[in-house]
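Letter by letter, the chains look like this.
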Amino acid sequence: MGYRFKAGEKSITEGVRRIAAAEFAQIRLSLSDPSLPLARKVHEGRKATKRLRALLRLVSPVFPGAAEEIAALRTAASELSALRDTGALLEAIDGLDLPGDLSGTLRTALAARPAASAAAHRRLLAAFAAAMDAAAQRAESWTLDKEGWNALAPGLTRAHRRLRKARAEARRAGHEDPVHDLRKRAKDHWYQTLLLRGAFPDVMNGYAEAGEHLCEDLGRWRDLGLLETAVGGLSARKLAAADAETVLTVIASARRRALRRAFRTAGRLLAESPDAYAARLKAWWTPRR
C-alpha cells in the first residue's frame, strides 16, 4: 500500500503506524546499503523524515504527541543539512543557461571549498540512524484520539488553510522568509495528497502531480538561493569578478521564474476553500454502499 491510507480506512491509528513503519524501514535500508553514495543516503533519509512529519501534521489535531515527534524528526534531519546542501549547490547549476564553460568553472570553484571528513560524515549518519531507530520504536505505540475521517479532516483543513495563508504572505513579502514557509506548507500539502490518494486515485493523482511541481519549483528557488550565497562568498581567485556577476544575474532570473511558476501552481491548487476541499475529499473517502 506504501505511503497512503486505504480509502475508507476506519482505524487511522493502524494506518499511521503502518505508514510510519514502512518509512522507517526504508530509512534503515537506505542507510545500510553499501552501494548508495553518501549524497543519496542523505537525500533519502531527509526525504523520508519530511514524509513522516507531513503524516504527523495531518493527524496532529488528534495526536497529543505529534509536536514532540515532529520536533525530534526535524532535529535529526537538520544534522544532515550541511551534507545535503553541499550536493545541492552542484545540482542547482544544472539548468542554468551559463555562457561558455562557466558551468565547469563554477563547479570547480565550488568543489574546492573545504568539506567535512569521511569520518565526520559517518558519525552524522550513525547519529541520524540511532535517532530514527528510537523514533521507529515510539511509532509502534502512536495512538490517536479519534478514528475514521474525523481523525483526518481537522489536519487536512488546517494544512490547506496554512498553504493558502503562506501563499498570500509570500506574494506580499519583500523578503524571503515567507517563501521558505510556503515551501514547507507546500510539502505538507503534497505529501498529504499522496496519503489520501486512495480516496479517488484518478483525481488525487492529478492533485499530487501539481503538488510535486509546486515543491520542485520552490525547492529549485531555495537551492538557487544557496548557490547565490555560495557564489557571493567565492574569492576572485576562485571565480573572477566578471564571471561571478554573470552567474549571479542568471541565478536571479532563474529564481524569479521558479517562483512565478510556483505561485501559479499554488493558485490552481487553492482554487476552492479549505472547507470545500475537505468536504469533497470526505465524499470520496466515505465507502460507497
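First things first, this report covers the structure right here in the doc. From a predicted model like this one, the values you see are computed outputs, not experimental measurements. (Residues numbered from 1 in each chain as written. Predicted model: local features only at pLDDT ≥ 70, side-chain atom pairs only at ≥ 80, totals over all residues. Heavy atoms only, no water.)

Let's talk about the overall build of the protein
Part 1 of the reasoning: Scanning the protein for helices and strands turns up 11 helices and zero strands.
Part 2 of the reasoning: Ordered by position from the N terminus, the helices and strands of the protein form the series α-α-α-α-α-α-α-α-α-α-α.
Part 3 of the reasoning: Once the C-alpha set of the protein is aligned to its principal axes, its extents read approximately 70 × 45 × 30 Å.
Part 4 of the reasoning: Pairs at least 24 apart in sequence give 79% of the contacts found in the protein among residues at least 6 apart.
Part 5 of the reasoning: Once the 50 positive and 33 negative side-chain charges of the protein are each reduced to a mean point, those two points are 3 Å apart. (Helix = DSSP H or I, 4+ residues; strand = E, 2+ residues; numbered from the N terminus. Contact = heavy atoms within 4.5 Å. Lys, Arg positive; Asp, Glu negative; His and termini not counted. Charge placed at Lys NZ, Arg CZ, Asp CG, Glu CD.)

Brief notes about the nonpolar core
The tendency in soluble globular proteins is for nonpolar side chains to be buried as a group.
Part 1 of the reasoning: Counting 70 residues, the largest nonpolar core has Phe5, Ile12, Phe24, Val59 and Leu152 as the members making the most contacts within it.
Part 2 of the reasoning: Beyond its immediate sequence surroundings of up to four residues, Val59 is in contact with Ile12, Val16, Leu144, Ala151 and Leu152.
Part 3 of the reasoning: In terms of nonpolar packing, the next biggest core, distinct from the first, is built from 20 residues, Leu96, Leu224, Ala244 and Val250 among them. (Core = buried A, V, L, I, M, F, W, Y, C linked by side-chain atoms within 4.5 Å. Buried < 20%, exposed > 50% of the residue type's maximum accessible area, 1.4 Å probe, protein only.)

A short note on the pattern of salt bridges
Part 1 of the reasoning: Applying the stated criterion across every chain yields a total of 15 salt bridges.
Part 2 of the reasoning: When the shortest N-O distance is used, the salt bridge between Lys47 and Glu44 registers 3.9 Å. With Lys47 and Glu44 both in helix α2 (residues 38-59) and three residues apart, the pair spans about one turn of that helix.
Part 3 of the reasoning: Overall, the relative accessible area of 28% leaves Lys47 in the partly exposed class.
Part 4 of the reasoning: You can call Glu44 buried: its relative accessible area is 14%.
Part 5 of the reasoning: Between Asp217 and Arg261 there is a salt bridge; the shortest N-O distance is 2.9 Å. Residue Asp217 is found in helix α9 (residues 201-232), and its partner Arg261 is found in helix α10 (residues 241-269); the two are separated by 44 residues along the sequence.
Part 6 of the reasoning: By relative accessible area, Asp217 is classed as buried at 12%.
Part 7 of the reasoning: On the accessibility criterion, Arg261 (31% relative accessible area) is partly exposed. (Salt bridge = Lys/Arg side-chain N within 4 Å of Asp/Glu carboxyl O.)

Some thoughts on empty space enclosed by the protein
Summary: where empty space remains is shown by rolling a probe the size of a single water molecule over the atoms.
Part 1 of the reasoning: If you walk through the whole model with that rule in mind, you get one cavity of 30 Å³ or more.
Part 2 of the reasoning: If you add up the space inside the largest cavity, you get close to 50 Å³.
Part 3 of the reasoning: Taken together, Arg57, Gly155, Arg158, Ala159, Arg162, Arg185, Asp188 and Gln192 make up the lining of the largest cavity.
Part 4 of the reasoning: Breaking the lining of the largest cavity down by element, the ones donating at least two residues are α7 (149-172) and α8 (177-195).
Part 5 of the reasoning: At four residues, the largest contribution of residues to the lining of the largest cavity is made by α7.
Part 6 of the reasoning: Residues that form the lining of the largest cavity fall into these classes: one nonpolar, two polar and five charged. (1 Å grid on protein atoms, 1.4 Å probe; cavity = no way out; pocket = protein on both sides within 12 Å on 5 of 7 lines; lining within 4 Å. Points joined across faces, edges and corners; volume = space filled by probe spheres on them. Nonpolar A, V, L, I, M, F, W, Y, C, P; charged D, E, K, R; others polar.)

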